Each structure stands twice: as C-alpha cells, then as structure tokens.
Amino acid sequence: PILHKARAATVAPVPAEGAVEAPRAKHLFDRRRKSIDNLIASGQVEAVLLLFIKAADLSNVARPAHANERWVSRIQTEFHRQGHRELARGYPLSPGMGPKDSVAKGQVFFGGVICRPLFVMLAGVLPETGPFLDLLDENLERWKA
C-alpha cells in the first residue's frame, strides 16, 4: 500500500504563473525522482518516509538563527515549567529542566548528538536538503560560542 501512495505522490513541479522553468531545476527534479523511484523499488520507502517525518519534527535546529532562537526560547519555557512542577511534587529535577541549566550546552548536545546524524542521513538520501545541514551546523557553532 505504501508503494502505491508514494508513486502516486510523485508529481512534476508546476512553475509559478509567468515563470520559466530552468533546465537545472528540471534536471534536479529528474534526478530526485529517479533516486526516490530507486528507493521505492528497493522496498525502503517506509524508512525514507520516517526519516522525512523525523527531520520535519526536529527541523527547528536547522532553521535560520532568528527562528531557531524563538523555538529554543519556547522550549526552554516549557522545560522550566516542567522543572517547577517536578520540584513542587517532590520529584528530582530532570536534566535540562532547571532554571540554572545551560541552554547553550543543551542545544549543542541536542543538535549535535540527536539531530545532526539524522540530517546527515537525510542529505545522503536527498542531496537538495544539504542547506538544512549547513544551517544546523551554523546553529551549533553559534550555541558553542
């Protein structure tokens, strides 16, 4: 069933009204389609789809600095609330949930250990996603500074 849905979802890009499709864009699409067709033929569709879903779920680490910082601010607020609730209930504070925990250290760990290997794999499957890996690396360097 997944095989048929994946093949049905493979459609040619439609240029914006008045735009002329560049030959390079067509070449990239043809190469990507061939690569995805090869993965479908080899039965690895589900693994690739799960990779895409997980990368989308963790994508905030691979966004421009301003968007990444907004996301980190929101997640830190959530972590601190959880930490306060843990302490109020007499539980030990979970790592990263305390107000004195290093945000930068947490981001370097999360981005470098959890997310980076996933984005390396994604770029290997679909090279056009390489710029997201570059953004992730830029964010890691910023958090390390």
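Residues numbered from 1 in each chain as written. Predicted model: local features only at pLDDT ≥ 70, side-chain atom pairs only at ≥ 80, totals over all residues. Heavy atoms only, no water.

Following the criterion strictly, the structure yields four salt bridges and no others. In this structure, Glu69 and Arg142 form a salt bridge, with 3.2 Å as the shortest nitrogen-oxygen distance. One end of the pair, Glu69, is in helix H4 (residues 65-88); the other, Arg142, is in helix H6 (residues 130-144), with 73 residues separating them in the sequence. Arg116 is the partner of Asp137 in a salt bridge, and the nearest nitrogen-oxygen pair spans 2.7 Å. Taken together, the residues Asp137 in helix H6 and Arg116 in helix H5 (residues 103-125) connect sequence positions 21 residues apart. (Salt bridge = Lys/Arg side-chain N within 4 Å of Asp/Glu carboxyl O. Helix = DSSP H or I, 4+ residues; strand = E, 2+ residues; numbered from the N terminus.)

With that settled, consider the packing of helix H3 (residues 45-57) against H5. The interhelical angle for the contact between H3 and H5, taken along N-to-C directions, is 130°, at an axis separation of 10 Å. By the angle class used here, H3 and H5 are oblique. Seen along the crossing, H3 lies across H5 with a hand that is left-handed. Together, Val48, Leu51, Phe52, Lys54 and Ala55 of H3 and Leu118, Phe119, Met121, Leu122 and Val125 of H5 make up the contact between the two elements. When its residues are assigned to classes, the contact of H3 with H5 shows nine nonpolar, no polar and one charged. (Axes fitted to C-alpha atoms, helices over the stretch in contact; angles between N-to-C directions. Parallel < 35°, antiparallel > 145°, perpendicular 65-115°, else oblique. Left-handed = near helix turned anticlockwise from the far one by under 90°. Contact = heavy atoms within 4.5 Å. Nonpolar A, V, L, I, M, F, W, Y, C, P; charged D, E, K, R; others polar.)

In the contact formed by H4 and H5, the axes pass within 12 Å of each other and the chain directions differ by 110°. In terms of orientation, H4 and H5 fall into the roughly perpendicular class. Listed contacts from H5 to Trp71, Val72 and Gln76 of H4 are Val103, Gln107 and Phe110. Of the residues in the contact of H4 with H5, the class split is four nonpolar, two polar and no charged.

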